[in-house]
Amino acid sequence: MPIPLLLSPFSLPSPPQPLPRNGAPWRCPTRLRAALRLTPPHPPPPPLHLGLAAGRGDGGRRFVGTLGSKRARAAGAVRISAMSGDGGGGAGGTGIAAAAAATVVFAVMNRVLYKLALVPMKNYPFFLAQFATFGYVLVYFSILFIRFRAGIVTREMLALPKSQFMLIGLLEALGAASGMAAAAMLPGPSIPVLSQSFLVWQLILSVLILGRKYRANQILGCLLVTTGVILAVAGGASDGPILSEVKFFWPAVMMTSAAFQAAASIIKEFVFIDGAKRLEGKRPDIFVVNSFGSGFQALFIFLLLPFLSNLKGIPFAQLPEYLNRGAACFLNVGGNLKDCHGAPLLPLLYITLNMAFNISVLNLVKMSTAVVASLTSTLAVPLSIYILSLPLPYLPEGTNLSTSFLIGVATLVLGLLLYNLPKKSANQVKKD
């Protein structure tokens, strides 16, 4: 049935004309009139302009602009704003704020515990990374199975196209491989600085893939956040030029690694948007995306293991022996493990918090956008640097933070505030 016909108000058939009886209208008894009262065969269809708007990845503004009154467009604009993570108010805005706060907490704990986990695992960081990669697959699919049995995950969610998850896994594996290759050739403090191109890539790719449009204050806010993180990391890690003696090739490889990871995050957001269309408005469960994405990532990492182990200075023929030693240190069992003090507690804490962080980030992507999730995560960078500058268990020596760090933090916070400036509803309706 054509959409305009569906949108037209339902009209009942006209009642029959009263039949004359002896010159006077014939009146049907009350009970008979009630029995013959005409009712529409189906209830009136719900208005489609808001549903169609919510189903589009770009907010469905085209549908709202053409199918509805000014009042409906205003209501649709508010709903779209809340769904797109653009500062929507009400319960949606409160839920996004709570999810963002949880993400910041998990991000800080994740970074701090990673540093602590490397105290016992300082000779086996490659083992820790691979253990986490393959261990997450088992945990995520176990949770997915439990949620499926509980009815939270439906068969329709599990039937979503696997090509999307395969692309996510491939991009994340390529990002890990290229990032590891560049990290082997770059000075340590430059790595987190170059990784901040991740947010810039996200802005570009969300425009190209999702068709999203950003206001000038949002673009400027993201650039300020990136600048603030660079200043904070450089000020907290090094006092000199950190890329003065490095050729351009390896910094370019590190930024390409960030592009792969940014593309994976945008594809995850696309999966939620596309899944909502396929599932009649219900977005896929986050463990569907996490499980299949992590599964394909582990598959591609397994195929790249010879290349990755050589990058870490471990000949592929010696990889089994290295993994055995790494497992012994992780579990703190066997002989001559004096350097593994703190295991297995610290590595297990890191893996647990890293998993919680990954889940919280994906949940925030589902509720808002990938860019909002990244901006939230970047707030954890200066906070974690500050915490790591304090004397901690297993890290008793503290460090002094420079003025550049404080300037960077202030710039970052200013960028976040600028990005989240509320949009005037009147202008939004006019634009829609």
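Keep in mind it's a predicted model, so treat the numbers as computed, not measured.

Peer 1: How should I be thinking about the pattern of salt bridges in this particular structure?
Peer 2: Opposite charge on two side chains allows them to pair when their charged atoms are near. The full count for this structure, using the stated rule, is 5 salt bridges. Across the pair R147 and D285 runs a salt bridge, and its minimum N-O distance is 2.7 Å. Of this pair, R147 sits in helix α7 (residues 125-149) while D285 sits in the loop between α13 (249-278) and α14 (286-303), placing them 138 residues apart in sequence. Its relative accessible area of 23% is what places R147 among the partly exposed residues.

Peer 1: Just checking my understanding: could you explain the state of the cysteines for this structure?
Peer 2: Joining two cysteines, a disulfide is a covalent bond between their sulfur atoms. In total, this model carries 1 disulfide according to the counting rule given. Put simply, C329 and C340 are joined by a disulfide, and their sulfur atoms are 2.0 Å apart. Between C329 and C340 the sulfur-sulfur dihedral comes to about -120°; the bridge is accordingly left-handed. Taken as a pair, C329 in helix α16 (residues 319-331) and C340 in the loop between α16 and α17 (345-367) lie far apart in primary sequence, 11 residues in all.

Peer 1: Looking at this structure, how should I read the packing of aromatic side chains?
Peer 2: Centre-to-centre distance and the angle between the planes together describe a pair of aromatic rings. Counting across every chain of the model gives 11 aromatic pairs. Between Y124 and Y322, the aromatic rings sit 5.6 Å apart at their centres with planes inclined by 45°, giving tilted as the arrangement. Of this pair, Y124 sits in the loop between α6 (90-117) and α7 while Y322 is found in helix α16, placing the two residues 198 residues apart along the sequence. Under the relative-accessibility criterion, Y322 is labelled buried at 7%. These aromatic residues form a ring-pair network of at least three members: Y124, F126 and Y322. Over the aromatic face of F292 sits the side chain of K162, whose NZ or CZ is 5.0 Å from the ring centroid.

The rules behind each value
- Every chain is numbered independently, its residues counted from 1 as its sequence is written.
- Two thresholds apply to this predicted model, a pLDDT of at least 70 for residue-level local features and 80 or more for giving and counting side-chain atom pairs, whereas whole-chain, interface and lining totals are computed over all residues.
- The side-chain quantities take in all heavy atoms of the structure and omit both hydrogens and water.
- The working definition used for a salt bridge is a side-chain nitrogen of Lys or Arg within 4 Å of a carboxyl oxygen of Asp or Glu.
- A run of H or I in DSSP counts as a helix once it spans at least four residues, and a run of E counts as a strand once it spans at least two, with each numbered from the N terminus.
- Buried, partly exposed and exposed residues are distinguished by accessible area as a fraction of the type maximum, computed with a 1.4 Å probe on protein chains only: under 20%, between the cut-offs, and over 50%, respectively.
- In this description, a disulfide is simply a cysteine sulfur pair whose atoms lie within 2.5 Å.
- A pair of aromatic rings is counted whenever rings of Phe, Tyr or Trp (Trp by its six-membered ring) have centres within 6.5 Å, and the orientation is called stacked for planes under 30 degrees apart, edge-to-face for over 60 and tilted otherwise.
- Put simply, a charge is over a ring when the Lys NZ or the Arg CZ is close to the ring centre, within 6 Å, and near the line of the ring normal, within 35 degrees.

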